[in-house]
Amino acid sequence: MTRKKIAIVTGGAGFLGSHLCDRLLSDGHKVIAVDNLITGNLDNIKHLKHDKNFEFIKHNVSKEFRITGKIDYVLHFASPASPIDYLMLPIQTLKVGSLGTHNTLGLAKLKKARYLLASTSEVYGDPLEHPQKETYWGHVNPIGPRGVYDEAKRFAEAITFAYKRYHKMDNKIVRIFNTYGPRMRMNDGRVVPNFIYQALHHKNITVYGNGKQSRSFCYYSDLIDGIVRLLYSSISGPVNIGNPDEFTMLEFADRVIQYTQAKSKIVFKPLPTDDPKQRRPDISLAKKYLKWTPKVPLAVGLQKTIDWFKSQSI
Ligand code: UDP
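Basis of the calculations
- Residues numbered from 1 in each chain as written.
- Predicted model: local features only at pLDDT ≥ 70, side-chain atom pairs only at ≥ 80, totals over all residues.
- Heavy atoms only, no water.
- Pairing = 2+ DSSP bridges.
- Helix = DSSP H or I, 4+ residues; strand = E, 2+ residues; numbered from the N terminus.
- Axes fitted to C-alpha atoms, helices over the stretch in contact; angles between N-to-C directions.
- Contact = heavy atoms within 4.5 Å.
- Parallel < 35°, antiparallel > 145°, perpendicular 65-115°, else oblique.
- Left-handed = near helix turned anticlockwise from the far one by under 90°.
- Nonpolar A, V, L, I, M, F, W, Y, C, P; charged D, E, K, R; others polar.
- Buried < 20%, exposed > 50% of the residue type's maximum accessible area, 1.4 Å probe, protein only.
- Lys, Arg positive; Asp, Glu negative; His and termini not counted.
- Salt bridge = Lys/Arg side-chain N within 4 Å of Asp/Glu carboxyl O.
- Near = heavy atom within 4 Å.
- Polar contact = N/O pair within 3.5 Å; in protein donor to acceptor, adjacent residues only side chain to side chain.
- Phe/Tyr/Trp six-rings, centres within 6.5 Å; stacked < 30°, edge-to-face > 60°.
- Lys NZ or Arg CZ within 6 Å of the ring centre and 35° of its normal.

**A few points about the sheet that holds strand 6 (residues 171-176)**
The strands making up a sheet associate through hydrogen bonds between their backbones, and the pairing can be parallel or antiparallel.
So, point 1. Strand order in the open sheet formed by seven strands is 3-2-1-4-5-6-11, and the pairing between neighbours is parallel. Edge positions in the sheet fall to strand 3 (54-58) and strand 11 (239-241), since each has one partner strand and no second. Shown here is a sheet whose adjacent strand axes are inclined to one another by a mean of 20°, direction ignored.
So, point 2. Across five bridges, the pairing between strand 2 (residues 30-35) and strand 3 is parallel. Paired with valine 34 across the two strands is isoleucine 57, which belongs to strand 3.
So, point 3. The strands touched by helix 1 (residues 15-26) within the sheet are strand 1 (6-10), strand 2, strand 3, strand 4 (73-76) and strand 6, with strand 1 carrying the most contacts at an inclination of about 170°.
So, point 4. The strands touched by helix 3 (residues 90-111) are strand 1, strand 4, strand 5 (114-120) and strand 6; relative to strand 4, the strand with the most contacts, the crossing angle is about 175°.

**Regarding the packing of helix 1 against helix 6 (residues 220-232)**
So, point 1. The interhelical angle for the contact between helix 1 and helix 6, taken along N-to-C directions, is 60°, at an axis separation of 10 Å. In terms of orientation, helix 1 and helix 6 fall into the oblique class. Handedness of the helix 1/helix 6 crossing: right-handed. Between helix 1 and helix 6, the residues in contact are Phe15, Leu16, His19, Leu20, Arg23 and Leu24 and Tyr220, Leu223, Ile224, Asp225, Ile227, Val228, Leu231 and Tyr232, respectively.
So, point 2. Residue composition of the contact of helix 1 with helix 6, grouped by class: eleven nonpolar, one polar and two charged.

**Some words on the side chain of lysine 153**
So, point 1. Checked against the element boundaries, lysine 153 lands in helix 4 (residues 147-167).
So, point 2. Buried charged residue lysine 153 carries no salt bridge. Nearest counter-charge: glutamate 157, at 8.6 Å.

**What to know about the site of the ligand**
So, point 1. Close to the ligand lie 18 residues; Thr206, Tyr208, Arg215, Asp275 and Arg279 are nearest.
So, point 2. Here an oxygen atom of the ligand and a side-chain polar atom of asparagine 194 are 2.9 Å apart.
So, point 3. Tyrosine 208 places a main-chain nitrogen or oxygen 2.8 Å from an oxygen atom of the ligand.
So, point 4. Going through the elements one at a time, helix 5 (191-200) and strand 8 (205-208) are the ones with two or more residues in the shell around the ligand.
So, point 5. The class makeup of the residues in the shell around the ligand is seven nonpolar, five polar and six charged.

**Section: the environment of glutamate 129**
So, point 1. Note on placement: glutamate 129 falls in the loop between strand 5 and helix 4.
So, point 2. Residue classification places glutamate 129 among the partly exposed residues on the basis of a relative accessible area of 28%.
So, point 3. Each C-alpha atom, one on glutamate 129 and one on arginine 279, is 9.3 Å from the other, the two residues being 150 residues apart in sequence.

**Things to note about the pattern of salt bridges**
So, point 1. Applying the stated criterion across every chain yields a total of 17 salt bridges.
So, point 2. Two residues, aspartate 126 and lysine 277, come together in a salt bridge whose shortest N-O distance is 2.6 Å. In this pair, aspartate 126 sits in the loop between strand 5 and helix 4 while lysine 277 sits in the loop between strand 13 (266-269) and helix 8 (284-290), placing the two residues 151 residues apart along the sequence.
So, point 3. Of the residues examined, aspartate 126 reaches a relative accessible area of 15% and is grouped as buried.
So, point 4. Here glutamate 246 makes a salt bridge to arginine 280, at a shortest N to O gap of 2.8 Å.

**So, the packing of aromatic side chains**
So, point 1. In total, this model carries ten aromatic pairs according to the counting rule given.
So, point 2. On the numbers, 6.3 Å between centres and 50° between planes, the contact of tyrosine 73 with tyrosine 232 is tilted. Pair noted here: tyrosine 73 is in strand 4 and tyrosine 232 is in helix 6, with a separation of 159 residues, a long-range link.
So, point 3. Residue tyrosine 232 is classed as partly exposed on the basis of its relative accessible area of 36%.
So, point 4. Taking 5.1 Å as the distance between ring centres and 65° as the angle between the ring planes, the aromatic pair formed by tryptophan 308 and phenylalanine 309 counts as edge-to-face.
So, point 5. For tryptophan 308, a relative accessible area of 22% puts it in the partly exposed group.
So, point 6. Under the relative-accessibility criterion, phenylalanine 309 is labelled buried at 1%.
So, point 7. Clustering of aromatic rings is evident, with ring pairs tying together Tyr180, Phe195, Phe217, Tyr219, Tyr220 and Phe252.
So, point 8. Stacked on the ring of phenylalanine 161, the Lys or Arg lysine 164 has its end atom at 5.8 Å from the ring centre.

Spatial relationships are all this shows, so hold off on functional conclusions.
In structure tokens form, the structure reads like this:
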């Protein structure tokens, strides 16, 4: 019998990290989740507590760490990921993208493991090219408040590819576009939990700016599927994974009001500094090399997410 593969998932108690742990376990692997729980939550992995193939280690991956035994995959998903989180945790965000990526690359090198970096559409900044292809170099303000996340991830990409070239490692990069679904933190400040919370409580829906800025929302299950296809593939990327269905924030607010049947009104609040005006992935690479396309339309994914938030009795 062949030995089970062993995967390390940093940020394994987070929104995406925990869903990734579930998927890797159901694919028959052993999983070690590492998380310092500053934005992650043990509730996201409590159902795995008695799974003999799952282990949780509370650790800050920006600090050095050792794991004994074999490791086949290192997936670096640890980072604050919502604008208000990285505004509150700017140094931690920069450290986990830089030192955390360095440490996890070192671990993968030592173990001769395949490495996958969770990067982001934020590397494109406030993009001047639309939709965004992987070849676009981006438009980022390095010293702005969002820059702590954007530049950390840009550094993370640079060092991931430097290790790949210099140490001949098997390193991969996924650029994740806006993703939503169960296990998002209700108070993480992102538009999906904010609007759902406000609608479920019939409070005003807070649209920032004039609401004409756009985002393209991918349901978490589609995203996780794209990520594992990249992990098992022979390509390195970077590969965009996201749903190209694009909405303005005003359109999105209307959808949330419609699906929740809320009595909420839309109110306008100031646009955060450097908020990107438009964002939509070009997913030609993922289609061609990973045979991946998103399957879950917003109507379905949003309803499931609303039902999940309701079940949390918030
Ligand atoms: N946004 C909004 N109201 C909110 C929260 C966010 O209008 O209560 C806007 C935000 O300004 C941005 C978009 O929604 O234009 C997506 O924001 P989010 O924080 O979800 O993610 P981003 O894509 O900016 O990282």
